[in-house]
Amino acid sequence: MKYILVTGGVISGVGKGVIASSLGTLLKSCGIEVTSIKIDPYINIDAGTFSPYEHGEVYVLDDGSEVDLDLGNYERFLDITLHRDNNITTGKIYKLVIEAERRGEYLGRTVQVIPHITDAIQEWIERVAQDPVRDNITPEVCIVELGGTIGDIEGMPFVDAFRQFQFRVKRENFCVAHVSLVPSPSSTGEPKTKPTQASVKELRGFGLSPDLIVCRSEEPIGIEVKEKISNFCHVAPDQVICVHDLSSIYHVPLLMEQHGVIEFLKERLQLSIRPEKRENCLQRWKSLARRSEKLHKQVTIALVGKYTKFKDSYDSVIKALQHAALQVGYKLKLNFIYSELLESETLTEDPSNYHKVWQLLCESDGVVVPGGFGSRGIEGKIIACKWCRENKRPLLGICMGLQAAVIEFARNVLNLKKANTTEIDPTTEHPLVVDMPEHHSGEMGGTMRLGKRKTIFRGELSVVKQLYGNPQSVDERHRHRYEVNLKYVNQLEEQGMRFVGVDESGERMEIVELQNHPFYVATQYHPEYLSRPLKPSPPFLGLILASVKGLSKYIARGCHLSPRQMSDASSDEEIQMTTKINTSKLNGHSEHLQQANGCIVNGAGSSSEAQLIIASNGKSNGVA
C-alpha cells in the first residue's frame, strides 16, 4: 500500500481537499485504484451536530455516517463509495483508546498520547486503507488529508503519528504533499514566500519533509518564485507546484498533470503505470473542462435556504446543480436567497432587502428549497413553495423542502390554515409533518433516519420515475427526523399532490409531484449526495431541464439529450482558463422591486478547503 499525506500551512481553507481529490484523480486516470481518508482534529465523534455556518454542510455516506464535506469531494472526483471509518476525528481515536483501556487491553500500563494514541491512528489508517471503495477492488494508494494547519495544537498527535508512520511503511511507500498559501499583498503586488517558508520549516521541525509543495495563489506564480521556494524549503524546483485560482475545479487535475505530478509520483512511490494508460489519462476531465468553458447559454436557479450566508452549507446541492446544468449545456447562475427575508414581517422591518430577495426569486428560472432544521426561515420556504406553485415556476424541494411544500399545499389548497410540522409547533391542529419516534433516542448526533434507503415508485405516470430511467425503485441517501403524516395523504392526493415514491413499508412518503405543473417535485431523501460530474442526479437534471423549458422534449426522446446539446457539450476546442460571465435576463415579474446582483458559481472546493465563487463582477474570490 502506498500513502500520500496532504497537509496544509499558513491558513485553513487553502485548498487541501481539492488538491487531495486531484491527486487521486491523476492516479485513478492512470489505472491506479485509490481510496481517501480525511482526518479532522476536532474532538467531535462526527460532523452531525455541527452548525452549517461553522463547518459547512454535513455530508452523509451510504452507511449513514455524518462526515466532513470533503468526503463528498472525494466521492465526486473519484466516483467511489466511502465509509464511516474514512473520516477520522480526535474524538473517535480517543474513544477507541479509552474503551480499550476500560477493557484492560493495556495490562495496567499508563495510557499516553505516545505510543497509544499515535499507534491507534496508524493502525486505523492501515486498516481502512485496505477497504474496497469500488467494485470490491483493494486500493493501491491511500490519500490522507490532515485537516487544519501544521502547528495546530489539536493536530499534533496526528502529525507525530505520521512521523512514525513514514518509517513503519518505508520511504518508497509514503510521501507528503504540503499545500501552502503564497499571498500577493495589494500594496506591492509581489508574491510573498515567507509564509510558505515558515510553514515548511515548522513541518520539517515535526519530522516530516514535504516531497511536493503545492503553492496556492490568486494569480500564476513565476519561475523565480518557484526557485526561491525551492532554495529555502529544500526541494527541487519541479517539486514546487503552483495552483492559482481557476475558473473551474475541473481544471485543477489538468494543471497538476501539466506540472509533471504523475511522473513524480510514479518515480517517488514506484508505481506501475502502463504506457497506454499514461497516454490516455485524464481524457474524461479534459472533456469536462472543455464543456465547462464552452457554455454560452445561462440558467438562473434560486436557492432558498436559511444558511445562504455561507455557501458551503449547501456544497453538495450547488455541485449537483452544476453537474445538471453542465450536462444540459448551460452555465449556472445561482441566486442565494435567505428564506427569512421572503416573509411578510421583513417588508416592515427591512423593506429594501425584502424587495431585493423577491426580485432575485422572480428573475430565477427555477427554485431549489433544500433541507434544514429548526423554525427560523421555515415560513419563507413555505412562501417560496407557494410562489412556485401559483406561478408555474419549476421547483425542487429536498427534505425540509418537501415538508414545506406539503404544508403550503395543505394551508392554501386544502384550506387547513393551521397546518404545520410538529418540529415547529408540537400542538398544531393539523400536524402535516410529524416526528419519527424511533429516531428520537434522547441523544444528539447520528439519531436520525440516515444513509442509503430504498424508495419504491407508485404507479406508472411519474416524471421523476422517467428521469431515473423507469426503475421500480431507487436507492438514495437520507438525513431526516420528520415525515409526512400518513393520515393526510389521501386528502393531498385528491387535490393533485401525488406521492409517487414511498419507502419499503409503503407508509413513508419519499417523492411528491404536483399535477398540471411544469416541474413541482420534492424528495424526502437528499439526491445531491449521489450526483457526479458525468452522471447528474435525475431530480436536479429535471429541474434544470424544466427551467430551460426542455423537460418535455427530453422525456419525449426517452430521456436523452438532443444531438445539439451533446455536440455543444463535447467541443474539442482548447481549454480556456477564464470564465465569461453573461448577465441573465429578468424572468418572471414583480412590482416595485429593485435591481440586485446575483452570483455565478462555476466550480467550488470545500468549506474547509475554500470555494471558488465568481461573483457578478467577474472577479474570483475563492480557490480552485
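A quick note: this is a predicted structure, and the numbers were derived from the prediction, not measured.

*Asks:* Looking at this structure, how should I read a nonpolar patch on the surface?
*Replies:* Residues Tyr94, Ile98, Val113 and Ile114 make up a contiguous nonpolar surface patch of roughly 340 Å² in combined accessible area. Elements with a minimum of two residues in the nonpolar patch: α4 (90-102) and α5 (113-129). With respect to the helices and strands, the residue Tyr94 is situated in helix α4.

*Asks:* Would you take a moment to explain the confidence of the model for the chain for this structure?
*Replies:* Note: predicted coordinates in regions of low pLDDT should not be interpreted at a detailed level. The predicted model of the chain has a mean per-residue pLDDT of 85, with 88% of residues at 70 or higher. Segment residues 566-624: pLDDT under 50, and 185 contacts once partners within four positions in sequence are set aside and those in other chains are kept.

*Asks:* Help me understand the sheet that holds strand β7 (residues 174-181), please; the structure alone is not making it clear to me.
*Replies:* One open sheet holds the 7 strands; their spatial order is β5-β2-β6-β1-β7-β8-β9, and the pairing between them is parallel. Strands with a single pairing partner mark the edges of an open sheet, and in this sheet they are β5 (87-89) and β9 (240-244). Looking at each pair of strands side by side, their axes are set apart by 20° on average, direction ignored. Inspection of the sheet shows strand β2 (residues 34-40) paired to β5 by 3 bridges, in the parallel sense. Following the sheet pairing, Ile39 is matched in β5 by Ile88.

*Asks:* I'm lost on the sheet that holds strand β18 (residues 482-484) in this one. Help?
*Replies:* Sheet strands associate in pairs through backbone hydrogen bonding, adopting either a parallel or an antiparallel arrangement. Taken in spatial order, the 3 strands line up as β14-β15-β18 in an open sheet, and their pairing is mixed. What marks the edges here is a single partner per strand, and that holds for β14 (419-421) and β18. When strand polarity is set aside, the average angle formed by the axes of neighbouring strands in this sheet is 30°. Alignment of β14 against strand β15 (residues 430-435), held across 3 bridges, turns out to be parallel. If you follow Thr421 over to β15, its bridge partner there is Val433.

*Asks:* So what exactly am I meant to see when it comes to the packing of aromatic side chains here?
*Replies:* Going through the model one piece at a time under the given rule, you end up with 11 aromatic pairs. Residues Tyr42 and Phe50 carry aromatic rings whose centres are separated by 4.7 Å and whose planes lie at 85° to one another, so their mutual orientation is edge-to-face. A relative accessible area of 14% means that Tyr42 is categorised as buried. Since its relative accessible area comes to 13%, Phe50 is described here as buried. In this structure an aromatic cluster arises from ring pairing among Tyr3, Phe162, Phe165 and Phe174.

*Asks:* Teacher, can you tell me more about unusual backbone geometry here?
*Replies:* It is generally the case that most residues other than glycine have a negative phi and that most peptide bonds are trans. A cis geometry characterises the amide bond from Ile114 onward to Pro115, with omega recorded as 15°. Positioned with a positive phi, Asn415 is a non-glycine residue whose angle comes to about 65°. Locating Asn415 in the fold gives a position in the loop between α17 (400-412) and β14. On the accessibility criterion, Asn415 (53% relative accessible area) is exposed.

*Asks:* What's the story with the layout of surface pockets in this structure? I'm lost.
*Replies:* Vacant regions in the atomic arrangement are exposed by a probe of water-molecule size rolled over the atoms. Counted as a void, the largest pocket has a volume near 570 Å³. If you trace the largest pocket, you find 27 residues lining it, with Leu530, Lys535, Pro536, Ser537 and Pro538 closest to the centre. The greatest single-element share of the lining of the largest pocket, amounting to 4 residues, is contributed by strand β17 (residues 473-480). Looking at side-chain class alone, the lining of the largest pocket contains 14 nonpolar, 4 polar and 9 charged residues. Two domains each provide a minimum of three residues to the lining of the largest pocket, namely domain 1 (2-291) and domain 2 (295-565).

*Asks:* How do you make sense of the environment of Lys392 when you look at a structure like this?
*Replies:* Structurally, Lys392 can be placed in the loop between α16 (378-390) and β13 (395-398). A sequence separation of 126 residues divides Lys392 from Pro518, and the C-alpha atoms of the two residues are 6.4 Å apart. Residues in contact with Lys392, not counting those within four places in the same chain, are Asn516, His517 and Pro518.

*Asks:* Sorry, what's going on with the pairing of strand β12 (residues 366-369) here?
*Replies:* Looking along a regular strand, one sees the side chains alternate between the two faces of the sheet. Judged by which residues are buried, β12 turns out to be covered on both faces: Gly366 and Val368 on one side and Val367 and Val369 on the other are all buried. Pairing of strand β10 (residues 297-305) with β12 involves 3 bridges; the strand directions are parallel. Residue Ile301 lies in a different strand from β12, and its bridge partner there is Gly366. In this sheet, β13 lies alongside β12 in parallel orientation, the contact comprising 3 bridges. Note on β13: the bridge partner recorded for Val369 is Gly397. With α16 bridging β12 and its parallel neighbour β13, the resulting β-α-β unit is right-handed.

*Asks:* Hey, could you run me through α4 in this one?
*Replies:* Along an α-helix, residues three or four positions apart point the same way, because every turn accommodates 3.6 residues. Here α4 contains 13 residues, and its C-alpha end-to-end distance of 18 Å stays within 8% of the 18 Å for a straight helix at 1.5 Å per residue. Taken as a whole, α4 has its buried residues at Thr90, Gly91, Lys92, Ile93, Val97 and Ala100. Where α4 is buried, its residues meet β2, β5, α5 and α6 (156-169). Immediately beyond the C-terminal end of α4, within one or two residues, lies Gly104, with a positive phi of roughly 80°.

*Asks:* What am I meant to see in the packing of helix α1 (residues 16-29) against helix α10 (residues 261-268) here?
*Replies:* The geometry of α1 relative to α10 is characterised by a closest axis approach of 10 Å and an angle of 75° between their N-to-C directions. Regarding the angle of α1 to α10, the classification is roughly perpendicular. For the pair α1 and α10, the contacting residues are Leu23, Leu26 and Leu27 in the first and Val261, Ile262 and Leu265 in the second.

Conventions and cut-offs
Numbering of residues begins from 1 in every chain and follows the order in which that chain's sequence is written. Local features are withheld for residues below a pLDDT of 70 in this predicted model, meaning they are given only at 70 or higher, and side-chain atom pairs are given and counted only at 80 or more; totals for whole chains, interfaces and linings count all residues. Side-chain metrics rest on all non-hydrogen atoms present in the structure, leaving aside hydrogens and water. Residues with no salt bridge and a relative accessible area higher than 30% make up the patches, which join like charges within 9 Å and nonpolar side chains (Val, Leu, Ile, Met, Phe, Trp, Tyr) within 5 Å. Per-residue and other accessible areas follow the Shrake-Rupley method at a 1.4 Å probe size, with only the shown protein chains counted as cover for residues. The salt bridge criterion pairs a side-chain nitrogen of Lys or Arg with a carboxyl oxygen of Asp or Glu, the two atoms within 4 Å. Note on conventions: DSSP H or I runs of at least 4 residues are helices, E runs of at least 2 residues are strands, and numbering of each starts at the N terminus. Every residue carries a pLDDT, the predictor's confidence in it, which falls somewhere between 0 and 100. The contact criterion used throughout is that any non-hydrogen atoms of two residues lie within 4.5 Å. Being paired, for any two strands, means DSSP has found at least two bridges between them. Each axis is a line fitted through C-alpha atoms, and for a helix only the stretch in contact is used; angles between axes span 0 to 180 degrees, taken between their N-to-C directions. Pairs were defined over the aromatic rings of Phe, Tyr and Trp, the Trp ring being its six-membered one, requiring ring centres within 6.5 Å. Orientation was assigned from the angle between planes: stacked under 30 degrees, edge-to-face over 60, tilted for the rest. Buried, partly exposed and exposed residues are distinguished by accessible area as a fraction of the type maximum, computed with a 1.4 Å probe on protein chains only: under 20%, between the cut-offs, and over 50%, respectively. Using a grid of 1 Å spacing that covers the protein atoms alone, one calls a set of points a cavity when a 1.4 Å probe fits there but cannot get out, and a pocket when the set is open and has protein on both sides within 12 Å along at least five of seven lines; lining residues are those with an atom within 4 Å of a point. Grid points are joined across faces, edges and corners, and a volume is the space filled by probe spheres set on the points. Amino acids are sorted into nonpolar (Ala, Val, Leu, Ile, Met, Phe, Trp, Tyr, Cys and Pro), charged (Asp, Glu, Lys and Arg) and polar (every other residue, Gly among them). How far each domain reaches was decided by an automatic or database domain assignment. Handedness of a crossover is defined as follows: orient the strands so they point away from the viewer, and if the path from the first strand over the helix to the second runs clockwise, the crossover is right-handed. To estimate the expected span of a helix, count its residues, drop one, and scale the result by 1.5 Å. Any angle that is under 35 degrees is reported as roughly parallel, and any over 145 degrees as roughly antiparallel; angles of 65 to 115 degrees are reported as roughly perpendicular and all others as oblique.

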